[in-house]
Amino acid sequence: MSSSARKYSLLYIVIVSALGGLLFGFDSGVISGCEKAIQAEYSLSDFSHGFTVSIALIGTLIGAFGIGRPADILGRKQTLIWMAVMYFVSAVGCAFAPNWITLVLMRGLGGIAIGGSSVVVPLYIVEVAPGHVRGRLVALNQLNIVFGILVSYISNYFVAIAIDQQSVLWSWCDHFANLFVSVPMAAESIKWRLMLGVEAVPALAFFLLLFSIPETPRWLVRAGRKEESLAVLEGIGDPTPQATLDEIADTLQNASHGENVPLFQKMYFMPIFLAWAVAMFNQLSGINAINYYAPRIFEIFMGTQSALAATIGLGCVNLTFTILALFFIDRLGRRFLMMLGALGTTVMHFIAAWQIGLGTNANPYIVIPAILGFIAFFAISEGAVIWVFIAEIFPNAVRAKGQALGSFTHWFMCTVISWAFPVIVGLSDSSGSYAFGFFGCMTLLQFFFAWKIMPETKGGTIETIEKRWRKSA
């Protein structure tokens, strides 16, 4: 190792970058605890209410679609720094929004940050991680996403209790709010503003910690900074840094000279199709429809406060099975987990659809375990696989653009499903069965996709995966 090379802890680098995933999860889940209060405060119609919930998803489309080129120009690390700034501004802006329009704009800005980080965080980790642990390290991002969702549920629950019981927190928030507005705020208004504003704390921590990690060696080669790339490879403990550098440089011959390599060309058809399919099926499973509207779903079978508590249970199941996925993703492989999860989620959806179709006769002791079972099978399979797989299948020269395409597909489908779900469920007491039945059909179709089409990508460097595509092109 050269004397100038700095030693880095690979785990520390991954944990810091994956804080973007925690913010992704928190921002995605926090709206579930305050969407009803926002609707009531601004007297929103069903359409405007759906738009308020979905505006962050619309922002993710902008962030995911537009982030590929900036990530190539600015670098992965610098782009993440800008995402952290957006998360912080969004959280503070939501907390102090003077009207509905401002709230919508700030939620949209947070959505742009989610879309951007959903591309760049796994991209960053894939480009620093060695092949034998790449799956579990990228899956740490998914672990942080579900941990962020769980934290948002817990935060919402305790904020609600603190405000309802007019605790010290309530008194402090009421006093602080009076410094900015002349008319005293209602408790419900302070409640949802605090729920959304809490995110500013981890966003600031993410921003500061990003300055302590390096740029990825593969982007440094792309920028023509090979000496810095070699130093990073040495610093993270690559056993053959020079050989790895040469292999990276070989795959970036065009891009490292500043050429803008187009994604949509014949040689990349298969990676494009696979990224599109995996991202589409991920959302057609109904995962975010359940994440965003979990309190409303549970409220059908229990009281409001109990429904908020039940969402914590949902988050715990999600976190537990995502942790289990870390142990299996590099051993059993991406394809096997996808097949296992698709079969499990199909069964759970059909059970939920059957019970919800009974209307007022539905048995909560069957429906709720079915929903939790879906979350478990999803978390251990496609929840952990999606961002690993999409980042792995694209070559170095177009990885940022390919990751952006997969993420855009993911968030586009998420927006459609999340906006349509409350409309379908609201048709009648039993109409939710149609939604869950549809999700079950889609996950069954996903099983056949994983079985017959999806390749395995575990092991080896991302350059060796690229060589496979070259041979098959």
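As shown above, the structure is provided for reference.
If you're wondering where the values come from, they're calculated on a predicted model, not measured in any experiment.

Time to look at the overall build of the protein chain. Within the protein chain, the regular secondary structure consists of 23 helices and zero strands. Buried positions account for 60% of the 473 residues belonging to the protein chain. Nonlocal contacts in the protein chain, meaning residues at least 24 apart in sequence, comprise 82% of its contacts between residues at least 6 apart.

Contact pair helix 4 (residues 46-66) / helix 7 (residues 100-128): the axes reach a minimum separation of 6 Å and the direction vectors enclose 35°. Read as a crossing pair, helix 4 and helix 7 show a hand that is right-handed. Contacts between helix 4 and helix 7 involve Ser48, Phe51, Thr52, Ile55, Ala56, Gly59, Thr60, Ile62, Gly63 and Ala64 on the former and, on the latter, Trp100, Val104, Arg107, Gly108, Gly111, Ile112, Ile114, Gly115, Gly116 and Val119. Class assignment for the residues of the contact of helix 4 with helix 7 results in 10 nonpolar, nine polar and one charged.

Further remarks concern the pattern of salt bridges. Applying the stated criterion across every chain yields a total of eight salt bridges. Among the salt bridges present, the one from Arg222 reaches Asp72, with a minimum N-O distance of 3.3 Å. In this pair, Arg222 is assigned in helix 12 (residues 217-222) and Asp72 in helix 5 (residues 68-74), connecting sequence segments 150 residues apart. Like Asp72, Arg222 is buried.

On to the packing of aromatic side chains. The full count for this structure, using the stated rule, is 16 aromatic pairs. Measuring from ring centre to ring centre gives 5.2 Å for Phe24 and Trp411, while their planes differ by 50°; the resulting arrangement is tilted. On the criterion of sequence distance, the pair formed by Phe24 in helix 2 (residues 19-30) and Trp411 in helix 21 (residues 399-425) is long-range, its members being 387 residues apart. A residue is classified by how much of its surface remains accessible, and Trp411, at 1% relative accessible area, is buried.

On to unusual backbone geometry. At Ser43, a position not held by glycine, the phi torsion is positive, near 50°. Tracing the chain through its elements places Ser43 in the loop between helix 3 (35-41) and helix 4. Of the residues examined, Ser43 reaches a relative accessible area of 64% and is grouped as exposed.

Now for the side chain of Asp27. Mapped onto the elements of the fold, Asp27 is located in helix 2. Looking at Asp27, its side chain comes within polar contact range of the side chain of Arg107, at 3.1 Å. When near neighbours in sequence (up to four residues on either side) are disregarded, Asp27 contacts Tyr87, Ser90, Arg107, Gly110, Ile114 and Glu199.

Rules used throughout
- Residues numbered from 1 in each chain as written.
- Predicted model: local features only at pLDDT ≥ 70, side-chain atom pairs only at ≥ 80, totals over all residues.
- Heavy atoms only, no water.
- Helix = DSSP H or I, 4+ residues; strand = E, 2+ residues; numbered from the N terminus.
- Buried < 20%, exposed > 50% of the residue type's maximum accessible area, 1.4 Å probe, protein only.
- Contact = heavy atoms within 4.5 Å.
- Axes fitted to C-alpha atoms, helices over the stretch in contact; angles between N-to-C directions.
- Left-handed = near helix turned anticlockwise from the far one by under 90°.
- Nonpolar A, V, L, I, M, F, W, Y, C, P; charged D, E, K, R; others polar.
- Salt bridge = Lys/Arg side-chain N within 4 Å of Asp/Glu carboxyl O.
- Phe/Tyr/Trp six-rings, centres within 6.5 Å; stacked < 30°, edge-to-face > 60°.
- Polar contact = N/O pair within 3.5 Å; in protein donor to acceptor, adjacent residues only side chain to side chain.

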